[in-house]
Every structure is written in structure tokens, then in C-alpha cells.
Amino acid sequence: MALKKSIGLAVAGFPLFWTLQAFAADMQRDPISNFLLFTSSNSVEYQFNEIPAPHSGDPNILENQARGNFLVSKTPTDTWSVHQTVAEFQMNESPVIAQTSLAVPQSLWDIETGGAYQHHLGDRHDWGISTSVGSASDKPYNSIHEMIFRATGTYHIPSGEDNSWLFFLSYSNARHFANNIPFPGFAYVFHEPAYGLDGAIGLPFLAMSYRPTTRLTTRFSIFGPDNVSSEVSYLVWKPVQAYAGFDWGQQEWLRANRDDNSNRLFYDQKKWSLGLRFPVCRTVRLDLAGNYNFDRRFYENNRAVNSGVPEVDLNPGWGLQMRLSTRW
């Protein structure tokens, strides 16, 4: 990432969106950057995950996701961008929630299209609006009850030489907390290069990155009450980076023909990961990891509660992850 001064969503020399995205890069759905929905450059990413069935009766899980962010127009004062995500979560059999006799669909889709506009008033001073619409369901676009809507407005002002304040108002009907209501928030974003420290502290997220040496980097982020990501990475030899991480998060879908349209189907899991990142050509980076997935469960409810609802538990299992990405 080029550490150069730019106009726009910038924090001490690098774009705010990519700062927050870097903190959340290994979270299952990259929730912090998805929450803001802004981009400052073009990017394309493909991700593949597989968790083979650990025991008889457990499903084999395959996930494929493609995501693109594209600048349509960029001037010193205005930036227009679009983004697209297509993801499939597939199982070879349907786990059954015994208390409700609900068979979890074998194929679940998440398709989302959106755009964003930012007006730049100066260094670290701007406002923006982003929106997206899509469908996350076993039957995408089956009806209005399987549709996802998101909208976020932001206002960004400088604080001192390098830091800034970010204020925003966000609406989503697919948020694991405070769902389906306009949610106000803020963050103080700081950059301390002398200490190798960057961070965004606010509501509803906290993100910190600490680089004590040129080879060692640590990061930690929380988004809402129960999305957590942390990582320690080490530059083994330039440009190969090894890392170990922990993630806890949820995926959610609006199952077609459910009895209560306020309910969402959740897949909750925690995982430990060990992997390598390295470029395969000038702008393309490959990320390969093995992971241990545990505390895995499906449940359907109107909010992402942690306990006390009918659920089906899956056994812990080992998995493989591959991410191929480019940015320009």
C-alpha cells in the first residue's frame, strides 16, 4: 500500500477505507469495510474455503466468493465507485435443527451490488454516501423478504497533523447487531509512525495495528459485540509473509418462505489459521492458509444472540483457504 499523501478518505497518508479493510481482511465477510462500503482504488478478489466433513453426519462445506471494487470517476473533488459481491456457501447435506425440524438449505447465496460517492473538501476532510442492494438467501431475489438493503453516510474531518474523526449514519437489514435501524457511530483514527501504531477507536468498532519491527506486524479488531479478528504476521523473507490468526464471526441469510420474515439464518464459527501470503506477479497476491474451525453452529432467529435458541452444532474440523487478489 503506497504511503503517499492524497485527497479523499485519507488518514495520515493512506486511504481510510484500506486502513480499516486491512484490519479486517481475514474476517469472514470483512465486516468493517463492508459496513462503510467505500473504496479508493480498483480491486478484485476471489476466495475459496473448504471444510471437509470431520465426522459422519457432518456436512462438507465449500465456499466461493468473488468481490470487485471499481472506480468509475475520480477528480480532486469527487469520487464515484461501484462494488459487486457474489458468494456461494454450499454443503453436501442439510443439517437439521432438531427443536424446529428446520433443514438448513444446502446452497446459500449472497449477491450484492452497490455504489458510492465521496466529495473531497481537503486533506482528511470529506463527506460521502454509499448504498447497496442484493439478496442473501437459498433462493436469491425470491421476494422482497429475501432482499438486503444498506446505506451509509459519512463525514470525515482532520484532527491535528495526522489524525482524523469519522462520523457516520448507517442502515442495514443484514447487520448482526442493531439490525434494521439507522445506526449512528464515530471513530477516532490515528497514525503514529514513530511507534508503528495505527488505529481506529470508536463505535461500533475498534481496530488496531502495531508494527514493532519491519518484519513483525500484529493487528486486532472488533466489530459489534461478537465479530473478532486478530493476527500476528512475520516477513519470513521478502516478499513472503507468514501469519497466525484467530477469527470469530457470523454469516447470515434470509431463508425463503420462512414463517417469520424478521428471522435470519446464521452460521456462527470460530477459527484458528496458519498461512502464507506472497505475490505471484506484480499486482496479484496469493494467500494460502490451513485453519481449525470450532464452535460451529446454525440457528435461525431475529437477532444474532449467542445462546438460548434452537440450533444444530457441527463438529470441529480442519479446513483450507485460498485468496487471490489484485489492486490497482
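This one's a predicted model, so the numbers in the text were calculated from it and none came from an experiment.

Trainee: Got a sec to walk through the environment of Thr113? Specific residues and values, please.
Mentor: Structurally, Thr113 can be placed in strand S8 (residues 107-122). Residue classification places Thr113 among the partly exposed residues on the basis of a relative accessible area of 37%. Taking the C-alpha atoms as reference, Thr113 lies 8.6 Å from Thr131; in sequence the two are 18 residues apart. When residues no more than four places from it in sequence are discounted, the contact partners of Thr113 are His83, Gln84, Ser132 and Val133.

Trainee: Describe the environment of Ser233, naming the residues involved and giving the relevant values.
Mentor: Tracing the chain through its elements places Ser233 in strand S16 (residues 228-237). The class of Ser233 is buried, set by a relative accessible area of 3%. In this structure the C-alpha to C-alpha distance between Ser233 and Leu274, which are 41 residues apart in sequence, comes to 9.7 Å. In this structure Ser233 touches Arg215, Leu216, Thr217, Gln241, Ala242, Tyr243 and Arg277, once residues within four positions along its chain are discounted. At a separation of 3.2 Å, a polar atom in the side chain of Ser233 contacts the side chain of Gln241.

Trainee: Residue-level account of the packing of aromatic side chains, with values.
Mentor: One pass over the full model with this rule turns up 16 aromatic pairs. Centroid distance Trp165 to Phe186: 6.4 Å. Interplanar angle 40°. Geometry classified as tilted. Pair noted here: Trp165 is in strand S11 (residues 163-172) and Phe186 is in strand S12 (residues 183-192), with a separation of 21 residues, a long-range link. For Trp165, a relative accessible area of 32% puts it in the partly exposed group. Note on Phe186: relative accessible area 35%, which makes it partly exposed. Grouped by ring-pair contacts, the aromatic residues Phe89, Trp253, Tyr267 and Phe298 constitute a single cluster. Here Arg175 stacks its cationic end above the ring of Phe177, 5.8 Å away from the centre of that ring. Lying across the ring of Tyr243, Arg277 places its NZ or CZ 4.0 Å from the centre.

Trainee: Which residues make up the confidence of the model for the protein chain, and what values do they have?
Mentor: Within the protein chain, residue pLDDT values average 87, and 88% of them lie at 70 or more. Every residue in residues 1-30 is under pLDDT 50, and counting partners more than four places away or in other chains gives 104 contacts.

Trainee: Report on the pairing of strand S9 (residues 125-137), specifying residues and quantitative values.
Mentor: Examined bridge by bridge, S8 and S9 share 13 bridges and lie antiparallel to one another. Across the sheet, residue Gly114 finds its bridge partner in S9, namely Ser132. Two successive antiparallel strands, S8 and S9, enclose a turn made up of two residues, where Arg124 displays a positive phi of approximately 60°. Bridge analysis of S9 against strand S10 (residues 147-159) gives 10 bridges, and the strand direction is antiparallel. By the bridge assignment, Ser135 is partnered in S10 with Met147.

Trainee: Go over the pattern of salt bridges, please, and point to the residues and values.
Mentor: For the structure on display, the rule yields 12 salt bridges. For Glu146, the salt bridge goes to Arg258, with nearest N and O atoms at 3.4 Å. Residue Glu146 is found in the loop between S9 and S10, and its partner Arg258 is found in the loop between strand S17 (240-253) and strand S18 (264-279); the two are separated by 112 residues along the sequence. Both residues of the pair, Glu146 and Arg258, count as buried.

Trainee: An account of the layout of surface pockets is needed here, citing residue identities and associated values.
Mentor: Counted as a void, the second largest pocket has a volume near 190 Å³. Its residues assigned to classes, the lining of the second largest pocket shows five nonpolar, eight polar and two charged.

Trainee: Go over the side chain of His156 with me, naming the residues and quoting the values.
Mentor: Inspection of the secondary structure puts His156 in strand S10. A polar contact is formed between the side chain of His156 and the side chain of Ser164, at a distance of 2.9 Å.

Trainee: Which residues make up unusual backbone geometry, and what values do they have?
Mentor: Cis geometry marks the peptide bond from Leu203 to Pro204, where omega comes out at 15°. Position of Pro204 relative to the elements: it lies in the loop between strand S13 (197-203) and strand S14 (205-210). The peptide bond linking Lys238 to Pro239 adopts the cis configuration, its omega dihedral lying at 5°. Relative to the elements of secondary structure, Pro239 occurs in the loop between S16 and S17. In this model, Ser101 sits at a positive phi of 60°, which is unusual for a non-glycine residue. Among the structural elements, Ser101 can be located in the loop between strand S6 (96-97) and strand S7 (102-103). One non-glycine residue, Arg124, lies in the positive phi region at around 60°. Within the element layout of this structure, Arg124 appears in the loop between S8 and S9. Relative accessible area serves as the criterion here: at 5%, Arg124 is assigned to the buried category.

Conventions used here
Residues numbered from 1 in each chain as written. Predicted model: local features only at pLDDT ≥ 70, side-chain atom pairs only at ≥ 80, totals over all residues. Heavy atoms only, no water. Helix = DSSP H or I, 4+ residues; strand = E, 2+ residues; numbered from the N terminus. Buried < 20%, exposed > 50% of the residue type's maximum accessible area, 1.4 Å probe, protein only. Contact = heavy atoms within 4.5 Å. Polar contact = N/O pair within 3.5 Å; in protein donor to acceptor, adjacent residues only side chain to side chain. Phe/Tyr/Trp six-rings, centres within 6.5 Å; stacked < 30°, edge-to-face > 60°. Lys NZ or Arg CZ within 6 Å of the ring centre and 35° of its normal. pLDDT = per-residue confidence, 0-100. Pairing = 2+ DSSP bridges. Salt bridge = Lys/Arg side-chain N within 4 Å of Asp/Glu carboxyl O. 1 Å grid on protein atoms, 1.4 Å probe; cavity = no way out; pocket = protein on both sides within 12 Å on 5 of 7 lines; lining within 4 Å. Points joined across faces, edges and corners; volume = space filled by probe spheres on them. Nonpolar A, V, L, I, M, F, W, Y, C, P; charged D, E, K, R; others polar.

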